[in-house]
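One letter stands for each residue in the lines below.
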Amino acid sequence: MEKIYVTVKWWNSGQDDELINQYIYNMIRLLILAVYCCHFVTCLPAQTISPATWLQQVQASGPQQCSSREAALDYFRSAGIDEKKKLVSAIQQSGGTSTRSKIISRMLFAVMAPLAAVPTTCEERTSSQMELLNLVLQEGDKFLLADFLQKLGNSFHDCKQYDKALLYRLKSYELKQELGYHYFTKQQEDLQGLGAAFFDTREYDSCIVFTKRSIATPGTAPAFSKKMSAYNIVAISYQRLRQFDSAQAWFDRAYAIAVAEKNNIWPSIIRGNIGYLKMEQGKLAEALPLLREDFQSSVLNNDTASAGNTLQRIARIYFQQGKKDSALQLARTAFAFATNTRKYSNLSYQINACETLADILEGTNNFPEAQRYYKRFVQLRDSSKEIGAFNFNRKY
């Protein structure tokens, strides 16, 4: 808490007590709400279906049965652990050693394992699913294959193997296009996931194309966070392509949606991203208040990693304005925040903050210490290459 207090006071000395009090108040409200929600959810009557009915749905094949199978899988994901075990047991007892029974049983186990605290690593999970892919191919059901390829891509994405995630999500999309997307119920979600996969591999033009398609595709309205992520990722992609006017237009759309929904977090995230856009254009006076707003919002939401990423940008602006001592103090605080992994840990934020601190140390003639942080920066950057491209879904 002391670090947060000192940093906020830096440019807002008249309101630091108010900010800290608001932060504590928000944390207490969230705790009360969490306790209430846990009690309320446990009191809700469980809407279950019989294992026999569910088994019939999940084993369905062919074009007319895609929605039935997807609904059954959704039911499985939302069920409690005990209910999941009953459903897996029903498959094992009814299907014997048939190929389809093996496919579905192992597919569901892969979904259940993290929730049931089964000790599986990413390597074990993806290796098992690659073996399972051979069984799916032997089954010869293209509709089942299209579903499975999408889930395989999602697994590789969760394990930060972004090239493979793109490969299998794209194969799934192409196969669903061939079979007829009207048979599948999650086209909007698939398109957004494919856009994100292109973003993660830095193919920004393709990211824009597929994410825009997801926004334009009719269907069930996506969750608010997914909707915001779609608009945000298009804007950031335009920014990466140095198409600043288009980036500004999409950030403005995202901001208008967040304000209309009366969301407490996304408006500051978007304004922070606009702040960085202004910074890249050399409009430092316009960038600074936007970045400060984003920093304060991150602090109040206990998102110290994002706060550190924004603060290192402010430190660079201060350095460019000739406020070198202030810039160095902010850069040190930014690095401490970015490497705090309690919430929303993001390796790219650590890399950004480390490089900024090294640059400012060098610019203030602290050469030995600057050299140490440059070495740390190289280590962090090299470790990021081992897990694939960065994943900037909220901001960067």
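Treat the numbers as computed from the prediction; the structure is a model and nothing was measured.

Calculation notes
Residues numbered from 1 in each chain as written. Predicted model: local features only at pLDDT ≥ 70, side-chain atom pairs only at ≥ 80, totals over all residues. Heavy atoms only, no water. Helix = DSSP H or I, 4+ residues; strand = E, 2+ residues; numbered from the N terminus. Buried < 20%, exposed > 50% of the residue type's maximum accessible area, 1.4 Å probe, protein only. Contact = heavy atoms within 4.5 Å. Areas by Shrake-Rupley, 256 points an atom, 1.4 Å probe, with all protein chains shown as cover. Salt bridge = Lys/Arg side-chain N within 4 Å of Asp/Glu carboxyl O. Phe/Tyr/Trp six-rings, centres within 6.5 Å; stacked < 30°, edge-to-face > 60°. Lys NZ or Arg CZ within 6 Å of the ring centre and 35° of its normal. Axes fitted to C-alpha atoms, helices over the stretch in contact; angles between N-to-C directions. Parallel < 35°, antiparallel > 145°, perpendicular 65-115°, else oblique. Nonpolar A, V, L, I, M, F, W, Y, C, P; charged D, E, K, R; others polar. Core = buried A, V, L, I, M, F, W, Y, C linked by side-chain atoms within 4.5 Å.

Student: Break down the overall build of the chain for me, citing the residues and quoting the values.
Tutor: Across its full length, the chain holds 19 helices and 0 strands. Within the chain, buried positions represent 48% of all 396 residues. Pairs at least 24 residues apart make up 65% of the contacts formed inside the chain by residues separated by at least 6 positions. Surface summary for the chain: the accessible area is close to 19700 Å², and the carbon and sulfur share equals 52%.

Student: Lay out the pattern of salt bridges in plain terms, naming residues and giving numbers.
Tutor: In the structure shown here, the tally under the stated rule is 9 salt bridges. Note that Arg242 is salt-bridged to Glu280, the shortest N-O span being 3.3 Å. In this pair, Arg242 sits in the loop between helix 12 (224-240) and helix 13 (244-260) while Glu280 sits in helix 14 (residues 266-280), placing the two residues 38 residues apart along the sequence. For Glu280, a relative accessible area of 27% corresponds to the partly exposed category. The residue Glu369 makes a salt bridge to Arg332 at a minimum N-O spacing of 2.7 Å. Of the two residues, Glu369 sits in helix 19 (residues 367-386) while Arg332 sits in helix 17 (residues 324-338), which places them 37 residues apart along the sequence. Taking the relative accessible area as the measure of exposure, Arg332 reaches 34% and is therefore partly exposed.

Student: Please provide a residue-by-residue account of the packing of aromatic side chains, values included.
Tutor: Enumeration according to the criterion identifies 12 aromatic pairs in this entry. Ring centres of Phe198 and Phe210 lie 5.4 Å apart, and the angle between their planes is 20°; on these two criteria the pair is classed as stacked. You can see Phe198 sitting in helix 10 (residues 187-200) and its partner Phe210 sitting in helix 11 (residues 204-216), a full 12 residues away along the chain. Residue class for Phe198 comes out buried when judged on its relative accessible area of 6%. Each residue in the set Phe143, Tyr173, Tyr181, Tyr183, Phe184, Phe198 and Phe210 is aromatic and connected to the rest through ring pairs, giving one cluster. Over the ring of Phe210 we find Arg213, and its NZ or CZ is 4.8 Å from the ring centre. Of note, Arg253 hangs over the ring of Trp250, and the distance from its end group to the ring centre comes to 4.3 Å.

Student: Go over the packing of helix 3 (residues 51-58) against helix 4 (residues 66-78) with me, naming the residues and quoting the values.
Tutor: With their axes 7 Å apart at the nearest point, helix 3 and helix 4 run at an angle of 130° to one another. For the element pair helix 3 / helix 4, the angle class is oblique. On helix 4, the residues that touch Trp54, Gln57 and Val58 of helix 3 are Ser68, Arg69, Ala72, Leu73, Tyr75 and Phe76. Here the residues of the contact of helix 3 with helix 4 are counted per class, giving 6 nonpolar, 2 polar and 1 charged.

Student: Describe the environment of Thr126, listing the residues and the values that go with them.
Tutor: Considering the arrangement of structural elements, one finds Thr126 in helix 7 (residues 122-139). In the structure, Thr126 is positioned 33 residues away from Cys159 in sequence and 8.4 Å away in space, judged by C-alpha atoms. Beyond its immediate sequence surroundings of up to four residues, Thr126 is in contact with Ser155, Phe156, Cys159 and Gln161.

Student: I'd like a rundown of the nonpolar core, residues and numbers included.
Tutor: Soluble globular proteins tend to pack their nonpolar side chains together in the buried interior. Counting residues in each nonpolar core, the largest one holds 51 residues, and the members touching the most others are Leu133, Phe184, Met228, Phe251 and Ile270. Taken together, the elements giving at least two residues each to this core come down to helix 7, helix 8 (142-158), helix 9 (162-179), helix 10, helix 11, helix 12, helix 13 and helix 14. No other element matches helix 8, which puts 8 residues into this core. Tyr276, Leu328, Cys354 and Leu380 belong to the second largest nonpolar core, which has 35 residues in total.

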